[in-house]
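A look at the structure
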Amino acid sequence: MRYKGIIFDLDGVICSTDEYHYLAWKALADQLGIEFDRQINNRLRGVSRMESLEIVLEKSNKVYSDAEKAQFAEVKNALYRELLGQMSTADLSEEVEATLNVLRNKGLALAIGSSSKNTPFILERIGLAGFFDAVSDGNNITHSKPDPEVFLKAAQMLGLPPAECLVVEDAHAGVQAAVAGGFDCAAMGDAKDDPRATWHLGTFSDILMIR
Ligand code: BG6
Ligand code: MG
C-alpha cells in the first residue's frame, strides 16, 4: 500500500453507531413535532452535535433559545448514550476487526478521526480502546468536518504528513475535510460515490485492495 497511515472515521465506518445517531435524533424530533427522515439524517454525518441540532431544527417554525437548544442536545445525547451502553464487542464486525488486524500486521499506523465526543466510550464498548496509534475526536477540536482539523491532528499524532495518510469516510463532509487537509480519501456508505474521493469502497474490507 502506498500510504504509511490510515485515519478512520468512527460512526458509520468502524461501527454502525450512525444508526443510533439517527434513532436518537428521530426520537428528539418526534418529541418536538419536527419532521425528520433519513435524508435529513445524512446531512448530519460528520457534523458536530450542535451543528447537527441546527440542521434538525431547520424544519421547525419555532425559534428556540440557546438554553433550549443546549437542553435538546443533551436529551439527544442521553438517548444516544443509552443505545451505546447496550453495545458490546459483538458490535465490532468480523470484517472490520479482521481488516484492521491485516492493516496493523502490514505495519501501517492506524488512527481515528471522528467529530464525536463519545469516541472513547464507543471504542471501549466495541473492544478497541487502546487499539489505535492515535485518537483524534470531538474532544480535541474546535472545528468539525468539513474542516480538516480533526484529520490534521490525527496525522500530527501519527507523526506523518497528510500526503502519506489515507482517510476513510462515510460522510460527504468528511470527504470534503480530507481533501481540504491534503489527504487522499476512501469513501464508503453514504459518501461512496462522492467524486472528490480517491477511492470508492463497496465494503470496508475493500481497503485491502488499495495498493
Ligand atoms: C460524527 C457523526 O461522527 O459525530 C455526527 O457522524 C455526530 O452525526 C458527530 O453529530 C458528533 O457526535 P457526538 O457523539 O459528539 O454527539
Ligand atoms: Mg461517519
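This write-up is about the structure you can find in this document. (Residues numbered from 1 in each chain as written. Chains lettered and ligands numbered in written order. Predicted model: local features only at pLDDT ≥ 70, side-chain atom pairs only at ≥ 80, totals over all residues. Heavy atoms only, no water.)

Description of the overall build of the protein chain
In terms of regular secondary structure, the protein chain is built from 8 helices and 6 strands. Relative to its length of 211 residues, the protein chain is compact, with a C-alpha radius of gyration of 17 Å against a globular reference of 17 Å. Once the C-alpha set of the protein chain is aligned to its principal axes, its extents read approximately 50 × 35 × 30 Å. Counting only residues that meet the buried cut, the protein chain has 51% of its 211 residues in that class. Long-range contacts, defined here as pairs at least 24 residues apart, represent 61% of the contacts in the protein chain between residues at least 6 apart. Each charge class in the protein chain was averaged separately, 21 positive and 31 negative side chains, and the resulting centres sit 2 Å apart. (Helix = DSSP H or I, 4+ residues; strand = E, 2+ residues; numbered from the N terminus. Rg over C-alpha atoms; globule rule 2.2 N^0.38 Å. Buried < 20%, exposed > 50% of the residue type's maximum accessible area, 1.4 Å probe, protein only. Contact = heavy atoms within 4.5 Å. Lys, Arg positive; Asp, Glu negative; His and termini not counted. Charge placed at Lys NZ, Arg CZ, Asp CG, Glu CD.)

Regarding the site of ligand 1
As a matter of local geometry, ligand 1 sits amid 15 residues, with D11, V47, R49, S116 and N118 nearest to it. In the environment of ligand 1, an oxygen atom lies 2.9 Å from a nitrogen or oxygen atom belonging to the backbone of L44. Interatomic distance of 2.7 Å between a side-chain N/O atom of R49 and an oxygen atom of ligand 1. The residue makeup of the shell around ligand 1, split by class, is 3 nonpolar, 8 polar and 4 charged. Looking at the shell around ligand 1, you find at least three residues from each of domain 1 (5-16 + 90-209) and domain 2 (18-84). (Near = heavy atom within 4 Å. Polar contact = N/O pair within 3.5 Å; in protein donor to acceptor, adjacent residues only side chain to side chain. Nonpolar A, V, L, I, M, F, W, Y, C, P; charged D, E, K, R; others polar. Domains from an automatic or database assignment.)

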